[in-house]
Every structure is written in C-alpha cells, then in structure tokens.
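Commentary on secondary and tertiary structure
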Amino acid sequence: MATFLYKLGRFAFRRRHFVVLIWVALLAAVGVGAASAPAATSNSFSIPGTEAQKAFDLLDERFPGSNFDGATGRVVFEAPKGETLTDPANRKAVLKVVGELGEGQQVGHVTDPYKSKSVSKDRTTAFTQVSYDVSAFELKESTRDALKDAADHGRDEGLTVEIGGDALESIPETGASEIIGIGVSAVVLVITFGSLVAAGMPLLTALIGVGIGVSSITALSSALDLSSTTATLATMIGLAVGIDYALFIVSRYRAELVEGNKPEEAAGRAVGTAGSAVVFAGLTVVIALVGLAVVNIPMLTKMGMAAAGTVAIAVVIALTMIPALLGYARGRVLGRTARKKLAAAGEDGDGAAGAAEEKPNMGTRWARFVLRRPVMVLLAGVIGLGAIALPVSSLELGLPDDGAKPTSTTQRKAYDTLATSFGPGVNGPLMLAVDAQDSDDPKAATQRVVKTVSGVDGVAGVTKPTFNKSGDTAMLTVIPESKPSSVDTENLVADIRDASDGLKADTGADTLVTGTTAMNIDVSKKLNDALVPYLALVVGLAFLLLMVVFRSILVPLKAALGFLLSVVAALGAVVAVFQWGWLADVFAVEQTGPVMSMVPIFMVGVVFGLAMDYEVFLVTRMREAYVHGERPGQAVVTGFRHGARVVTAAAVIMISVFAGFIGSSESMVKMIGFGLAVAVLFDAFVVRMAIVPAVLGLLGKSAWWLPRWMDKVLPNVDVEGERLQKPAAAGSAEGEAAAGDAQDSELSRV
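Residues numbered from 1 in each chain as written. Predicted model: local features only at pLDDT ≥ 70, side-chain atom pairs only at ≥ 80, totals over all residues. Heavy atoms only, no water.

With that settled, the discussion passes to the packing of aromatic side chains. In total, this model carries six aromatic pairs according to the counting rule given. A ring pair is formed by Phe-578 and Phe-674, whose centres lie 5.4 Å apart and whose planes are at 70°; its orientation type is edge-to-face. Taken together, the residues Phe-578 in helix α19 (residues 554-579) and Phe-674 in helix α22 (residues 667-699) connect sequence positions 96 residues apart. Across the pair, Phe-674 and Phe-578 agree in class, each one buried. Grouped by ring-pair contacts, the aromatic residues Phe-578, Phe-587 and Phe-674 constitute a single cluster. (Phe/Tyr/Trp six-rings, centres within 6.5 Å; stacked < 30°, edge-to-face > 60°. Helix = DSSP H or I, 4+ residues; strand = E, 2+ residues; numbered from the N terminus. Buried < 20%, exposed > 50% of the residue type's maximum accessible area, 1.4 Å probe, protein only.)

Evaluation of the coordinates by the stated rule reveals 19 salt bridges. Here Arg-62 makes a salt bridge to Asp-435, at a shortest N to O gap of 2.9 Å. With Arg-62 in helix α3 (residues 51-62) and Asp-435 in strand β6 (residues 430-435), this pair connects stretches of sequence that are 373 residues apart. Per residue, the accessibility class of Arg-62 equals that of Asp-435, and both read buried. Among the ionic pairs, Asp-416 bridges to Arg-412, the shortest N-O distance being 3.1 Å. In this pair, Asp-416 and Arg-412 both sit in helix α15 (residues 410-422), four residues apart, roughly one turn of the helix. Linked through salt bridges whose partners overlap, the residues forming this network are Arg-10, Arg-14, Glu-264, Glu-265 and Arg-269. (Salt bridge = Lys/Arg side-chain N within 4 Å of Asp/Glu carboxyl O.)

Quick look at the sheet that holds strand β3 (residues 125-132) now. Taken in spatial order, the four strands line up as β2-β3-β1-β4 in an open sheet, and their pairing is antiparallel. Every other strand in the sheet has two partners, leaving β2 (107-110) and β4 (160-165) as the edge strands with one partner each. This sheet shows a mean twist of 20° between the axes of neighbouring strands, independent of strand direction. Bridge count for β2 against β3 is three bridges, and the pairing is antiparallel. Paired with His-109 across the two strands is Ser-131, which belongs to β3. Each of β1 (72-78), β3 and β4 is contacted by helix α5 (residues 141-156), which is oriented at about 155° to β4, the strand it contacts most. Each of β1, β3 and β4 touches α15; the most contacted strand, β4, lies at about 100° to it. (Pairing = 2+ DSSP bridges. Axes fitted to C-alpha atoms, helices over the stretch in contact; angles between N-to-C directions. Contact = heavy atoms within 4.5 Å.)

Turning our eyes to something else, we now look at α5. Between its first and last C-alpha, α5 extends 22 Å over 16 residues, near the 22 Å set by a 1.5 Å rise per residue. Of all the positions in α5, only Thr-143, Arg-144, Leu-147, Ala-150, Ala-151 and Gly-154 are classed as buried. Within α5, the buried residues cover an arc of 120° as seen down the axis, which keeps them to one side. Backbone geometry just downstream of α5 places Gly-158 in the positive-phi region, at approximately 100°. (Expected span 1.5 Å × (residues − 1). Arc of directions from axis to C-beta.)

No statement about biological role is implied by the geometric values presented.
Written as structure tokens, this is what we have:
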C-alpha cells in the first residue's frame, strides 16, 4: 500500500492543476444538485420489529386517512386569576381560538375542550388538541404561524395560552460556536506549523470535503428521507477528521523536507507513510459508522452511512488534494525560521543530519518520563478515568419530550401546566390498538380490554374505544399516572403488554401498545439490546484491521481496551452534566433529564473510530522505528518525538470542532458534541499519550510479537513505509548530493 500511495502522491503533486480542478468541479456539481433538489420535508422515525411500530402500521391500515403519526399541537388555556374557563366571556374566547385553529391549513382535526372533557376539575385550565395531516417537519411555516397567531389572539382576550406538542418543532440551529471551533482550529494549526500556508491547507481541504459530503446529503435528503440531524452530524465528524488527516500528511511532508528530500519526493513519501495511516484510520471510522446498521433503526443507519461517506471523502481528499496543494506551496509549508535553518545546514555540509541535532522536544521528554515510571503513569491514567466513569452506573436512557425543554419555552410551560392541572400522565398518553378480527364478538372483546387495562396499577384513566368502519379494530387512549420519561411509565407499558397476552387467549383480540411514549420506550430497549452485538462487531473488525497494520496481537488488544476506558469515562461525564446537572450552566444545559437513547451507541461508534485514529498515527511511527532497527523503548521515544506535537494539535482541533456543536439547539447534537469532545480529550491525552507508552514500555519486545503462522497468513500492507526506505538506502552518494542541491534551490526560491 505504501508504494501505491507513494506513486499517487507524486502523481497528484505533478498533476496538481488537474487534481485541484477535479475537486473544485465536483464541489460545484454537488452544490448545484443540492440547490436544485427538493427540500427534505420528512423526519420519519420508524422502528422495525417493535410492538409500537406494528401498532402504528395496523392503525394506518385499518383507519385509512387518520394520520396517527401526524404532527400534534396542544393549546393549553388558563383563566385569569379569580376566574374560570366556564365563565361566558372566557368560554367564548376559548371557542373562538378553537374555531380559528380548525380553519388552518394541513389541519386534520381539532377537539372541543368542553365536549372532550378536557377542562380541569377547578375549571381554570383546559386544552385542545390539534391533529395535522402531515408530520412535524412537513408542516409549512404558514401553518406554524397560524397556530401561534391563534394562541396570540387568545392572549389578547386575557387568557394565558401556551402551545405544546411537536407541531412547533423545526430544523435545529447549530449556533455561532461552530464557527468558533473552526477559528480555534486555525489558530492551533498556525501555532503548530508556524506557517500560514501550511495551516491553511488542512482547513481548505476539510471544508471542501465537508462541502461535498453535506451537499450530497442535501441533494439526496428528500429521495432517501434523511433526518434533519444527518447533515449536522456529518459536518461534525467530517470536519474533524478532514482537518486531522490533512494535518498528518502535511506534517510528514515537512519532516521529509527537513530530511533533505526534494518536494515531489517528500510529497510521495508523506502520502506513502502518513497516508497509509490515514487510510487505515479512516477505515476504522467507516467501519464504526457503517456498523450502526446492526441496530436496525433506519434513521440511525442513514446517519451512520452519511457520516461514513463524508469520512471517506475526507480520506480521498487528504491523499490527493493535499499533495496537489503541496505542489503549489513547495518549501513555503516550512516557517521562515525553519527554512533558514535548513538552508544553513545545507551550506555547512551537514545536511539533514546537522538540522536534526537539536535538543529533545516536549514529546521526547514526556516519553522518557513515562518509560521511567510506567507503572505509576498507568495506574494514574486508569484510576483517573475509572473515577470519571462512575456516574455511568446511574445512567438513565430516554427520548426527550417537552418536559426536557428549557423552562422559558412555551412547550415547557404547556407541559408543566398540564401536569399540574390534569396529572403528569396527560403529557404522555398511551395508544392501544385492539385487533379483534379473529374475535367472535369484537365489541365485547374490546370492552374486556378496557376493563382489564383500567385495573392495571399506574393507569389514571382509559377513554372510550373508537372503532373503524368494519368494526373489527378499535383504538383507545390510556392515561398513565406517571410522567412520560419515567421508570413507572416504562413498567406500566410492560404490565399492559403482559396483560394483553392473557386477553388474546381469552378473547382472540390482539392488543398492541403504541404512541410516542411507547415508541420511545421501545427505541431505548432496542438500542440497549443492540449495544453488545454492535461493540463485538466493530471492535472485532477493527481488531483484525489493526493486527494487519501493526502485525501484533497485544497492540490491537491494548488499543481496544483503551478505547473502552475512554468511552465509558466520556459517558460518565455526559451523565454528570446532562443528567445530574454538574456544570450545567457552563455548558448551557437548561434542563437535565435522561440521556438520549441514541447517544451511547452513537458515541461508541464515533469514539471508537476516532480513538483508533490516534492509535494508528502515533503507534505507526513507533512501529516504523522498531522495524528500522530501534529498540522497543527507543521506538516509543521516536514515535513521540515525531508524532506527539502533531497528535496533540490534532486532538485540540477535534475537541474544538466537536465543542462547537454544544451550542446547538438540538439536544441530541448538543449532547453528542459534548460527549465526543470529552471522549477525544480523554483518549488522546490520557489513553494514547500516557497509558499507551506506559503499556508498551512494560511489554517491551512482546508488544510486537506475532505467531509465525499468523505472520504468514496476514497480508503485509507496509503501513510503515519500509519498502520506501530501501530504494533510498540503495541510492548513491551522488544522487543524495543532487537531491540536497535541488532542495537548497527550492528553499532559496521561497
């Protein structure tokens, strides 16, 4: 692989005009496609194989045109202090708003609170439910405006009016902090390279790669029914890895220049060595993201596939466009001071060897410190991350409802008012679908269901059943005593489903529990059940991949265990902030609650891929030094001398990019942005920078042990670029002198 990538790098360097033109043309093409594509209007959320989804499908089939999965809005009315909603003036104001709501576009049905018994016992509070013919993300802005206007008209009459439900949901905003993250990345790159030219390349290529990826997602959003968060998460991951991959290749190119190689040769060697690490690091990320398909949640699968595609684009751009840009920059990627030192070293006749005689850098000093005290560093890292991981023991999973929104929002005010006046269960009613086709008497069977469910502990009330035209299927609503996102409601759903098994045996009617609350419970269970198989698949495939890269058993094993430690610690931090409320004000978390069900499994996938990035980049350089004859301890120091500064910069960049998404208005994006930023912090600076060298120092030569039979079976991908060193070693002194002269000429020109 190193030889192929070496040739690719040199080709891109020579044909730089062609390569850059291809990428710019591709960006323009997908940009036009995104601009002309119909806007994505659906955020459909189906969970194949769950009882809640089966019930929705059944109701759609038996009650055609009812749109049970359509958007809903709950308009909550409160009478002025000292008055009631049954007073003639207030009653007239409420009915006026209800009538106005019924005249709106895309409205399917509006309930009359006085006829549907939706007035509180003290008659101070009432609510009407607006059912729409389309989903929340298919609602027109004019429809939402009409809903808000009707509420304003009720307020003009002196009532307190708030709106709940998903009808007000809109596409989330990321916030200005995303731009701040890119700005921080730019500053880190300038400090790392000491050259504006070198700093600009990773940013430019990453932005082009993300532009192509996100534009492609936008163009396909309507056709593939992609969710609104798909592009946001693809941007988050694609931007972070795009900058990092380019950073490693540019850094290696600079090192090759310092060693005396001509610019074209340096570009080839940079792509052949660092580019090999980029390929395998990218593969681990892609495996982790594509592996999300095992969960069998279409939305999550599409998110993973879209993000994986963006990562793949980032890899290809780093391997082709970076060497093309290096063809324009040549020696200007080095800072002015570095160029002067290199030119002076050449004039003195010492060449690169003279330039290399410098005092040990921070990476070298840190590696030597760890190797002197490996046990102490190892224990400190493991115990520290273990302590941060402790909150995971109280992890609660769920999907957010209006109760998780900030208290300043109208949705939260409506939620709290309903909970106070009608009980918390009103905010999360359960829907029961009774399939009585196989029953001798469907109505009698349905009444038996109503009676049985009414007697289940935790049920506050059951509505009268509504039958379809053929009379063989009924729908009814169950009001729990507990709030939607609670263990009590989860237990209630389980109890009703247990009771339905006996009802089917007695009556022949099949009772299915659905509704938003039941769907959320089923999603959480499905994600929990899929976590272990997903971990086994992803870690297993990546373990085999890393065995091929490092030709070792213990190094991949250490990498996998280190990942598990960092991801559990990151989840512990998520629980502490978003569930317990620690430092909630610092991270603008206005409302604590259960951790979103999708966050742990998504974090596992993404963090695993990113953790393997640093493992590949850092340990590949150690492997390279070991293969070229250095002792195990020396190889660790060499890896840190060349890689620690760049890995540190890459981690800071990735942390800043992920942290930028903490400003998102979408709770899932905010939570994932925080979790990924913390995970990279732990993995890069504790696991890879401390635990990895400590473990390698303790293992010594054993770290690189591989059984002979396995050595013969595994393909040799030459990720450390050993084959690229052989031609150089066989070169004549005359050729080396000529290369040095050419390098001096290149540097003198810039």
